[in-house]
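# Descriptive analysis of the structure
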Amino acid sequence: MQTSQGAFSSRSQMDSYVQGTAGSNAYFPGSEVGSPLALPGVFHTGTTRSWSVSFPASDAGYTQFGVYPLAAVVYNSALSPLASDRTLLPYWPGSSGAAPVKASWIWPLVDQPHQQSPCSQTLSDNTLAASLKPAGRLGGLLNAGMQWSGQAGLTWAVDPALLSDAQTMTSPYKVAGKTGGGSGCDGTTSEPASQDAQTWLNTLKTGAAGQPMFVTPYADADTTALAHAGLLNSMKTAYSLGDQVAGQSLIRPFGKSGGTGDGGAPSVAWLPGGPTDEGVVSALQETGKVNTVVVGSDDEPSFPSTSPSTTPTRSGKPTRVLTADSGLTSVLGTAGATASPGAQFATEQDFLAQTAMIVDEEPFTSGRSVVIAPPRRWSPSGTEANALLKDSVQAPWLRPAKLSDVAASKAAPERLPSYQFNSDQLSSSYMGGVKAVGAALRNYQNLLYQPPSSVTQSMREALTSTASSAWREGGGGAGTLNLIDLANFARSSERKVQIIAGKKFLLAGASGDIAVSVQNGTSSTIQVQIDPQPSDVGQLSVGNFNRLLTVSPGKTGTVKMPVKAKGIETTTLRLQLVTQNGTSLPWTRQPLTVQVMRFGQTLIYLIGAALGVVVLASSLRWVRRRRNSRAAGAGGTG
């Protein structure tokens, strides 16, 4: 084992040393410590030998608090190095080492949306089932957080869409079999109720009761993309949905007094990543839910990562900004459920070293803090999650603190630019698709007559899920399929509403009634207006009638439409349906030919003439009879 009495002076030096990059030899260990292990003369393939070393700090030449290089090296018989493995060793000499910093964890329970369509009790896939098991990703995060939440000053960050998806799984549910082509409701398979989902929800609801927690906007919506696309109302919907769903699942008053937090947590917007700007922060403030924004130190390097800041907004009211340390986020991101024991050790040791170096940058400045925010969809093993939390509690240079305590610390003013391009966010073209699908869903919703809140909420949830930050980068393909499925749902649902009318109508006389029927093939009651437009207004007019028609699911409704003709001509009546608010439904348009048969008056003339002929004939016969009878009488007398 080798080390050096010289400590690192920066985090970049530590990174270079561990990675073995150019220039790192200056920090390569120069002195041996502990007792070496002499391997046998022949060390066969596949053979493993274990070895442990301990040594006093004085033997290594450590004299002050800091992070030191440490390496295990294997030499051949000629004392040439064959292999080495480098790590980082924080050294704490005692109470006089440095002033500890306050360390606050954001502990994420976030996943991608799995309920991406308004189809009842239907998930887009079944991957969440494995994740909610005790040994799964979300199961491990929940259990580790429960064990250390009080000691580690942990603040839970929960995506309400995850709660909704897990709640769906507590009853028998369906999994969609098609994406990107159907409506998301086609070809489903049935799944039994998940006991793991029920246990996970109950554990979070009861175990975290009263603990600091904030909720993300529903489906962890990409607030940066929504703000840049001008979709402030969609952002407000995402937050109000989040409050509503989380409050129902966890029985906590999210949003009741404004804000996203409960249990002492501040009203937090944890941005998905990439640079932000004044416009985004102002939009978040205008939702009425946010007073604190968490950004990454790489995203906003001008904002100090060891103290809060305040930044102006459009309203003139400043918003508090907390900077999560991006170096720690990156280190935590190396933790994986399938990582080897050596890789897990390296992550834990790097985490300790990074936090120690943050302290060593200003060792005797008190009141400093660090926000520790893992990746949003973090996937460590449960063992490693426990070890990292334990390290943060036991490291003498850290003092666990709640996020609310860090947010309440003294803040310095900093200004964000009015606009910054963010290449990480959902693209403008993608957000254009979100807008279009939103318009289609609203059009379909306008067809529905007094829809229950469960129906309208499911549509809002599905639409908000299309703007999830999960669809950034590698998730973009899944997000696009999500958009396609939702658009198909709206289109196929709308087209189940049709006009039933003949192609031709014979009008006997100057006026009459035309029966027009509307067929409702949806599973909801609809209300539409019949909109008739004559092609020749001068020849045919439509009288007053109740154009608003309410039709029950799977039924047909009919109205009688009065028409009046001014001439004996054939004309065309264009029929279509419009929604309650007057939006045209173009697929319902169809022509109706009206052929006017003005034979009513002519028929009266013909009947009158016929009667006249009959009367004349009868009169002639009567005259003849009189003449004949007179002639017969005269002959008899003679």
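### Topic: the nonpolar core
Core analysis: the biggest nonpolar cluster contains 67 residues, and Leu284, Met431, Val518 and Leu573 have the highest contact counts within it. In terms of nonpolar packing, the next biggest core, distinct from the first, is built from 63 residues, Met14, Leu132, Leu154 and Leu250 among them.

### A few points about the packing of aromatic side chains
If you walk through the whole model with that rule in mind, you get twelve aromatic pairs. For the ring pair Trp92 and Trp397, a centre distance of 6.3 Å and an interplane angle of 45° mean the geometry is tilted. With a gap of 305 residues between them, Trp92 in the loop between β4 (81-91) and β5 (101-109) and Trp397 in the loop between α12 (382-394) and β17 (398-400) connect regions that are remote in the sequence. Judged by relative accessible area, Trp397 falls into the buried class, the value being 5%. Members of the aromatic cluster, each reached through a chain of ring pairs, are Phe55, Tyr62, Tyr68 and Tyr91. The ring of Trp270 has Arg376 sitting right over it, with the charged end atom 4.3 Å from the ring centre.

### A short note on the side chain of Ser468
One can find Ser468 in the loop between α15 (453-465) and α16 (476-494). For Ser468, a relative accessible area of 0% puts it in the buried group. A polar side-chain atom of Ser468 sits 2.8 Å from the main-chain carbonyl oxygen of Ala219. Non-local contacts of Ser468, meaning those with residues more than four positions away in its chain, are made with Pro113, Ala219, Asp220, Ala221, Asp222, Arg377 and Leu426.

### Topic: the sheet that holds β4
In a beta sheet, neighbouring strands are held together by backbone hydrogen bonds and run either parallel or antiparallel to one another. Within the open sheet, the four strands sit side by side as β2-β1-β3-β4. Their pairing is antiparallel. Every interior strand has two partners, whereas the edge strands, β2 (31-32) and β4, have only one. Two elements, strand β1 (residues 2-3) and strand β3 (residues 66-75), share two bridges in a ladder whose sense is antiparallel. Bridged to Thr3 within β3 is Leu70.

### Re the pattern of salt bridges
A full pass over the atoms with the stated rule returns twelve salt bridges. Measuring nitrogen to oxygen at the nearest pair gives 2.8 Å for the salt bridge that ties Asp243 to Lys289. With a gap of 46 residues between them, Asp243 in helix α8 (residues 232-250) and Lys289 in the loop between α9 (278-286) and β13 (292-296) connect regions that are remote in the sequence. Per residue, the accessibility class of Asp243 equals that of Lys289, and both read buried. Here Arg415 and Glu278 are joined by a salt bridge, their closest N and O atoms 3.5 Å apart. Residue Arg415 is found in the loop between β18 (412-413) and α14 (428-447), and its partner Glu278 is found in helix α9; the two are separated by 137 residues along the sequence.

How each quantity is defined
Residues numbered from 1 in each chain as written. Predicted model: local features only at pLDDT ≥ 70, side-chain atom pairs only at ≥ 80, totals over all residues. Heavy atoms only, no water. Core = buried A, V, L, I, M, F, W, Y, C linked by side-chain atoms within 4.5 Å. Buried < 20%, exposed > 50% of the residue type's maximum accessible area, 1.4 Å probe, protein only. Phe/Tyr/Trp six-rings, centres within 6.5 Å; stacked < 30°, edge-to-face > 60°. Helix = DSSP H or I, 4+ residues; strand = E, 2+ residues; numbered from the N terminus. Lys NZ or Arg CZ within 6 Å of the ring centre and 35° of its normal. Polar contact = N/O pair within 3.5 Å; in protein donor to acceptor, adjacent residues only side chain to side chain. Contact = heavy atoms within 4.5 Å. Pairing = 2+ DSSP bridges. Salt bridge = Lys/Arg side-chain N within 4 Å of Asp/Glu carboxyl O.

Purely geometric numbers; function is a separate question.
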